[in-house]
Amino acid sequence: MDKATKTPTLMIGDIPIYGQLILAPMDGLSDASFRWITRKLGSAYSVSEFINTLDYANQKSYEKKRLLYRDSERPFSVQLLDNDAVRMAECAARIEEEFHPDMIDINMGCSAKSVCGRGAGVGVMRNPQLVRDIFRLVTQAVSVPVTAKMRLGWDETNHNFIELSELAVENGAKLVALHGRTQKNSFNKPARWAPIGELKRRLNVPVVGNGDVKTVADARQMLNETGCDAAMVGRAAKANPWIFSWRDRAEVSVTEVYQTARFQLKDMLRLQPERGVMPFRKYLKAYLDPYDLPRPQMKPLLTTDDPDILLGLMNETFLSLGALVDAPLIIDYSEIYR
Ligand SMILES: Cc1cc2nc3c(=O)[nH]c(=O)nc-3n(C[C@H](O)[C@H](O)[C@H](O)COP(=O)(O)O)c2cc1C
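Every value quoted in this text rests on a predicted model; they were computed, and no experiment measured them.

Peer 1: Outline the site of the ligand, listing residues and values.
Peer 2: Around the ligand, a shell composed of 16 residues is seen, among which Pro25, Gln79, Asn210, Asp212 and Arg235 lie nearest. Separating an oxygen atom of the ligand from a backbone N or O atom of Phe50 is a distance of 3.3 Å. At 2.8 Å from an oxygen atom of the ligand is found a main-chain nitrogen or oxygen belonging to Gly234. Within the complex, the protein chains bury 86% of what would otherwise be the 610 Å² of accessible surface of the ligand. Its atoms largely coinciding with the cavity grid, the ligand occupies the largest pocket. Looking at the shell around the ligand residue by residue, the class counts come to 6 nonpolar, 6 polar and 4 charged.

Peer 1: Tell me about helix α11 (residues 254-271), residues and numbers included.
Peer 2: Since there are 3.6 residues in each turn of an α-helix, residues three or four apart along the chain are aligned in direction. Between its first and last C-alpha atoms α11 spans 26 Å; for 18 residues at 1.5 Å apiece the expected length is 26 Å, and the two agree. Where burial is concerned, most of α11 is hidden: 14 out of the 18 residues are buried.

Peer 1: Talk me through the layout of surface pockets; I want residue IDs and the actual numbers.
Peer 2: Space inside the largest pocket adds up to approximately 580 Å³. Along its surface, the largest pocket is lined by 29 residues, and Pro25, Met26, Lys149, His179 and Phe187 are the ones closest to its centre. Of all the elements in the fold, those that place two or more residues in the lining of the largest pocket are β7 (103-108), β8 (146-153), β9 (173-182) and β11 (230-233). Partitioned by chemical class, the residues of the lining of the largest pocket number 13 nonpolar, 8 polar and 8 charged. Estimates place the volume of the second largest pocket at around 240 Å³. Looking at the lining of the second largest pocket, the elements that each hand over two or more residues are α1 (32-41), α3 (61-65) and α12 (281-288). There are two domains that each give the lining of the second largest pocket at least three residues, and those are domain 1 (3-249) and domain 2 (253-320).

Peer 1: Break down empty space enclosed by the protein for me, with residues and values.
Peer 2: Under the defined criterion, the tally for this structure stands at 2 cavities of 30 Å³ or more. Space inside the largest cavity adds up to approximately 60 Å³. The wall of the largest cavity is formed by Asp31, Ala32, Ser33, Met268, Leu271, Gln272, Arg275, Gly276 and Pro279. Elements supplying a minimum of two residues to the lining of the largest cavity: α1 and α11. Residue classes in the lining of the largest cavity are distributed as 4 nonpolar, 3 polar and 2 charged. Residue assignment places the lining of the largest cavity across two domains, with domain 1 (3-249) and domain 2 (253-320) each supplying three or more. Put simply, the second largest cavity is a space of about 30 Å³. Looking at the lining of the second largest cavity, the elements that each hand over two or more residues are β8 and β9.

Peer 1: Would you mind going over the nonpolar core in detail, with residue names and values included?
Peer 2: In this structure, Ile104, Met108 and Phe135 are the most contacted members of the largest nonpolar core, which totals 97 residues. Element by element, the count of residues in this core is highest for α11, at 8 residues. Looking at which domains feed residues into this core, each of domain 1 (3-249) and domain 2 (253-320) gives three or more. Not counting residues within four places of it along the chain, the set of residues in contact with Ile104 comprises Ser77, Val78, Leu80, Ala92, Val138, Val142, Val144, Pro145, Val146 and Thr147. Formed by 15 residues, the second largest nonpolar core is a distinct cluster that contains Ile17, Ile22, Val47 and Met103.

Peer 1: So what's going on with unusual backbone geometry? Which residues, and what values?
Peer 2: Cis geometry is adopted by the peptide bond preceding Pro75, which originates at Arg74 and carries an omega value of 0 degrees. By the secondary structure assignment, Pro75 is in the loop between α3 and β6 (76-81). Positive phi is not limited to glycine here, since His100 has a value of about 55 degrees. Counting through the fold element by element, His100 comes out in the loop between α4 (85-99) and β7.

Thresholds, definitions, all that
- Residues numbered from 1 in each chain as written.
- Predicted model: local features only at pLDDT ≥ 70, side-chain atom pairs only at ≥ 80, totals over all residues.
- Heavy atoms only, no water.
- Near = heavy atom within 4 Å.
- Polar contact = N/O pair within 3.5 Å; in protein donor to acceptor, adjacent residues only side chain to side chain.
- Areas by Shrake-Rupley, 256 points an atom, 1.4 Å probe, with all protein chains shown as cover.
- 1 Å grid on protein atoms, 1.4 Å probe; cavity = no way out; pocket = protein on both sides within 12 Å on 5 of 7 lines; lining within 4 Å.
- Sits in = over half its atoms within 2 Å of the grid points.
- Nonpolar A, V, L, I, M, F, W, Y, C, P; charged D, E, K, R; others polar.
- Helix = DSSP H or I, 4+ residues; strand = E, 2+ residues; numbered from the N terminus.
- Expected span 1.5 Å × (residues − 1).
- Buried < 20%, exposed > 50% of the residue type's maximum accessible area, 1.4 Å probe, protein only.
- Points joined across faces, edges and corners; volume = space filled by probe spheres on them.
- Domains from an automatic or database assignment.
- Core = buried A, V, L, I, M, F, W, Y, C linked by side-chain atoms within 4.5 Å.
- Contact = heavy atoms within 4.5 Å.

Here it is as structure tokens:
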């Protein structure tokens, strides 16, 4: 894409964003390799898995690994999660100095009991003063735009996303991503999109809609019905990162699935060799799911710890499914536009 001649789809502060689909931040899923694939396929910008600033402040080494990204993956946003505005601001400043992200995102949506129980994640939504403090202090601490990602509210009787979005924006937030659920209906009930439209009509910063976008038709429907600036795709992306190129899974050839899976495994091993093949298995399982392979064929693929054996098994498996394993690359994941 020649960005010089393109009009941005939206602006986050002074950062131009091109494209209307974005990979949602997902703990354990949106790592550097997967984000890279989705960016190359068309995801408009990247958000890290959440950084727990309590652990970051205590120098837990795994938090830094979540800050791995490639320079050409920019715009890259680092998401912070905590219940302490001062600590979040201090960590945001340190992260900006050391890792130079383009944006900082504030997690107001994580519904895990261990997180929201201590007033972090969606727990922040129960405390408007904390929302005010987080955005005021974090925006003062960094030079890059700060954004919010939240749910509708804590429960059905308390949908305070409009009030809190306005508070966040008054205190410097440059975008709000809204997941159309509450803490209480964690993932059980379908996401509601009408509130996304309501928020879009109220705010003068971009609004990103999120929740249950599983297909290209869903994405178009969310954008059309709500008028939101972009749609964020979470769980469905695991099995179909090609959604970011506006393709449903059925439209993706087995050769392309093979090439993507192969790149991903090699890239994950290159970036984090100490983790081995294990973290890759969940993607491979999701990529192979539509082919309904018999269990005895799946089992070695999902149990071997040896990268070379796994690459050999993948080669055999995809060949048996009709992939052209020596075909030229359909998407060249080795480079990405700036
Ligand atoms: C495994 C998993 C991990 C997640 N981790 C995060 C996270 O680190 N930060 C965040 O803001 N949301 C996180 N979420 C929520 C997603 O970003 C998204 O809001 C949610 O999955 C709804 O979108 P979907 O219906 O497209 O999946 C996570 C969701 C899942 C399923």
